Structures are given as C-alpha cells and as structure tokens.
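Survey of secondary and tertiary structure
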Amino acid sequence: MRIEKSGFHAYNTYLAEPSRPPSRGGNTKALHRHVIIIGGDKYSFFAPWAGKFAYKGELISFDWDWDKTGEFRNIVKPSFEAFAKDGTVQIRGDRGDKVRRTAETRPPGRKSEWKD
C-alpha cells in the first residue's frame, strides 16, 4: 500500500534500545522507533538514527505494509520521501539495518562516579 504526498499530524522518535552514556557512543546511532501519525493512523519504522526523516510543513510519501500480527503499519524505509515546499525530494536519515543492542551499560569503575 502507498501513502502519496500527504501531510502529517505528528512525528515522534523513541529510543528502542538501552540508553548509553556519551562516553560509550551515546544514543545518536542507537535504534529508534519513528512514529508518524496521518489522519489518526499510526505508521512506524525502526532506524539507527535519532534525527527525523521529515519536518513540519513537508509532504511525505512512502510504501507501507501490515506486520505479521496485523496490528502495526510498518513503513518501508527505502521508499520514504519527504517533499519540501518547493516540491524537491528530501532524502534524509540512515536507512540501513542495525543489530539491536541487548547489553546494558556497566557502571563506571569508581564508586564516586555512580549515580544514586
């Protein structure tokens, strides 16, 4: 299925992996869930990038499909396009795949650096 040059009501990103301190690489390249709301329907995808693929005032187009359970509308990342006000296509974001982090970060070696 396809959404063609549509505006969106909301675009939010949520961290999908355990948080990491900046000294360990931070969360910028961590896996994030991107959720876009169009006409009350939620469309989402995972991307290894914290930034947004589209900004307020832009029109977006993308292909989507239901997940295996039929609950979620999953966006096909390579098909995602954002159109600026002048009609030019804006390609943003890291569209590659990433292995999900499962390990929690360890506390620092010095107890004085531990957070309470």
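Residues numbered from 1 in each chain as written. Predicted model: local features only at pLDDT ≥ 70, side-chain atom pairs only at ≥ 80, totals over all residues. Heavy atoms only, no water.

A few words now on the overall build of the protein. Along the protein, the regular secondary structure elements total 0 helices and 8 strands. Ordering the α and β elements of the protein from the N terminus gives β-β-β-β-β-β-β-β. The buried share of the protein, taken over its 116 residues, is 33%. Put simply, 52% of the contacts in the protein that link residues at least 6 apart link residues at least 24 apart. (Helix = DSSP H or I, 4+ residues; strand = E, 2+ residues; numbered from the N terminus. Buried < 20%, exposed > 50% of the residue type's maximum accessible area, 1.4 Å probe, protein only. Contact = heavy atoms within 4.5 Å.)

This paragraph deals with the confidence of the model for the protein. Scored by pLDDT, the protein comes out at a mean of 84, with 80% of its residues at no less than 70. By mean pLDDT, strand 8 (residues 89–90) is the weakest element of the protein at 89, and strand 5 (residues 59–66) is the strongest at 94. (pLDDT = per-residue confidence, 0-100.)

So, about the environment of Ser61. As for its position among the elements, Ser61 is in strand 5. Take Ser61: its relative accessible area is 0%, and that puts it in the buried class. Residues Ser61 and Phe80, 19 residues apart in the sequence, show an inter-C-alpha distance of 5.9 Å. In this structure Ser61 touches Arg2, Ile3, Glu4, Lys5, Ser79, Phe80, Glu81 and Phe83, once residues within four positions along its chain are discounted. In this structure the side chain of Ser61 is engaged in a polar contact, spanning 3.5 Å, whose partner is the side chain of Glu4. (Polar contact = N/O pair within 3.5 Å; in protein donor to acceptor, adjacent residues only side chain to side chain.)

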